[in-house]
Amino acid sequence: MRTISLWLTAAVLVTAGLTTSSFAGYGGVLSGDARAHLEKAGELRAKGNRAAAMAVLESLLMGTARVGVTEDARPADRDVLEEAILRSISVWDNSIDDSPFVAASKTDRVDISVRFVDEIDTDGPDAQAELEAHRDFYYGKTHGFRLTAQILVARRIDGRLLTRDELTGILTHELGHLLGLDDDSALEGVMGPFVPGHPRLEPIRSEVNTVRQYRTSVRQSLRDLAKA
Ligand SMILES: [Zn+2]
């Protein structure tokens, strides 16, 4: 059995002041990470390594990705985070037909863990959340992958705790990255910067379309590989 490992560059969610509201992007841009994985799958396929290419592509669809709170969470944090996890999972469930995200039950292994922190360590602008993910692949007689992701959320903004809606919007954004979306500057939809007091809980059409098209093309590539 051989293995390879690919990292998603840590993605940081920055906070925007409302003064940036005139600065609108288009939304729905596929991330560099998603493109890199597609390229990797193409290279593996070109080299005749069909099983490895399939493992990479299947990891992009994520199968069933269990989202949960880390075990060391304080009980009060756990309740707040679990509610926001359920709501952000619903957002994507309502937007795409094949959303991979499910809430982890107590006994499940967690693929995507969520935790509150006091602050996000970054050299860049103010960060409200951070996603780190990596995917391991194995291939040989069989093939498969393991997704491991961590979402860190700074619990405070402007000296107060995040509201439940703000937290839900932040998690929806981070799950959007895992679905292949990039950050953008749009203050509509879910992939733009975080605006305190103005949580955004619904992806816009361009974001939904990008995710749908991306997942459809990954599925098509998998079908092609299965026939090859
Ligand atoms: Zn982001």
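To be clear, the structure that these remarks concern was listed above.
What comes next concerns the included structure. Quantities reported herein were computed from a predicted structural model and do not represent experimental measurements.

Observations concerning the environment of Gln128
With respect to the element layout, Gln128 can be found in strand β5 (residues 127-139). The exposure class of Gln128 is buried, given its relative accessible area of 2%. Through-space distance from the C-alpha of Gln128 to that of Pro196 is 9.8 Å; in sequence the pair is 68 residues apart. In this structure the side chain of Gln128 is engaged in a polar contact, spanning 3.1 Å, whose partner is the backbone oxygen of Arg156.

Side note on the side chain of Ser31
Its place among the elements puts Ser31 in the loop between β1 (2-14) and α1 (32-46). Excluding residues within four positions of it along the chain, Ser31 makes contact with Gly180, Leu181 and Asp182.

Let's talk about the pattern of salt bridges
Here the structure, examined in full by the defined rule, presents 14 salt bridges. Across the pair Arg155 and Asp77 runs a salt bridge, and its minimum N-O distance is 3.1 Å. Taken as a pair, Arg155 in the loop between β6 (143-154) and β7 (156-157) and Asp77 in helix α3 (residues 75-95) lie far apart in primary sequence, 78 residues in all. Comparing Arg155 with Asp77, the two get one shared label, buried. Across the salt bridge formed by Arg109 and Asp111, the nearest N and O atoms sit 2.6 Å from each other. Within this structure, Arg66, Asp108, Arg109 and Asp111 form a network of salt bridges that share partners.

What about the packing of helix α2 (residues 50-61) against helix α5 (residues 205-227)?
Taken N-terminus to C-terminus, the directions of α2 and α5 make an angle of 155°; their axes are 10 Å apart at the nearest point. Regarding the angle of α2 to α5, the classification is roughly antiparallel. Between α2 and α5 lies a crossing whose hand is left-handed. Facing Arg50, Ala53, Met54, Leu57, Glu58, Leu60 and Leu61 of α2, the residues of α5 in contact are Tyr214, Arg215, Val218, Arg219, Ser221, Leu222, Leu225 and Ala226. Tallied by class, residues from the contact of α2 with α5 come to ten nonpolar, one polar and four charged.

With respect to the environment of Arg212
Tracing the backbone through its elements, the reader meets Arg212 in helix α5. Owing to a relative accessible area of 41%, Arg212 belongs among the partly exposed residues under this scheme. With 116 residues separating them along the chain, Arg212 and Ile96 place their C-alpha atoms 6.7 Å apart. Not counting residues up to four positions away in its chain, the partners in contact with Arg212 are Ser95 and Ile96.

What counts as what
- Residues numbered from 1 in each chain as written.
- Predicted model: local features only at pLDDT ≥ 70, side-chain atom pairs only at ≥ 80, totals over all residues.
- Heavy atoms only, no water.
- Helix = DSSP H or I, 4+ residues; strand = E, 2+ residues; numbered from the N terminus.
- Buried < 20%, exposed > 50% of the residue type's maximum accessible area, 1.4 Å probe, protein only.
- Polar contact = N/O pair within 3.5 Å; in protein donor to acceptor, adjacent residues only side chain to side chain.
- Contact = heavy atoms within 4.5 Å.
- Salt bridge = Lys/Arg side-chain N within 4 Å of Asp/Glu carboxyl O.
- Axes fitted to C-alpha atoms, helices over the stretch in contact; angles between N-to-C directions.
- Parallel < 35°, antiparallel > 145°, perpendicular 65-115°, else oblique.
- Left-handed = near helix turned anticlockwise from the far one by under 90°.
- Nonpolar A, V, L, I, M, F, W, Y, C, P; charged D, E, K, R; others polar.

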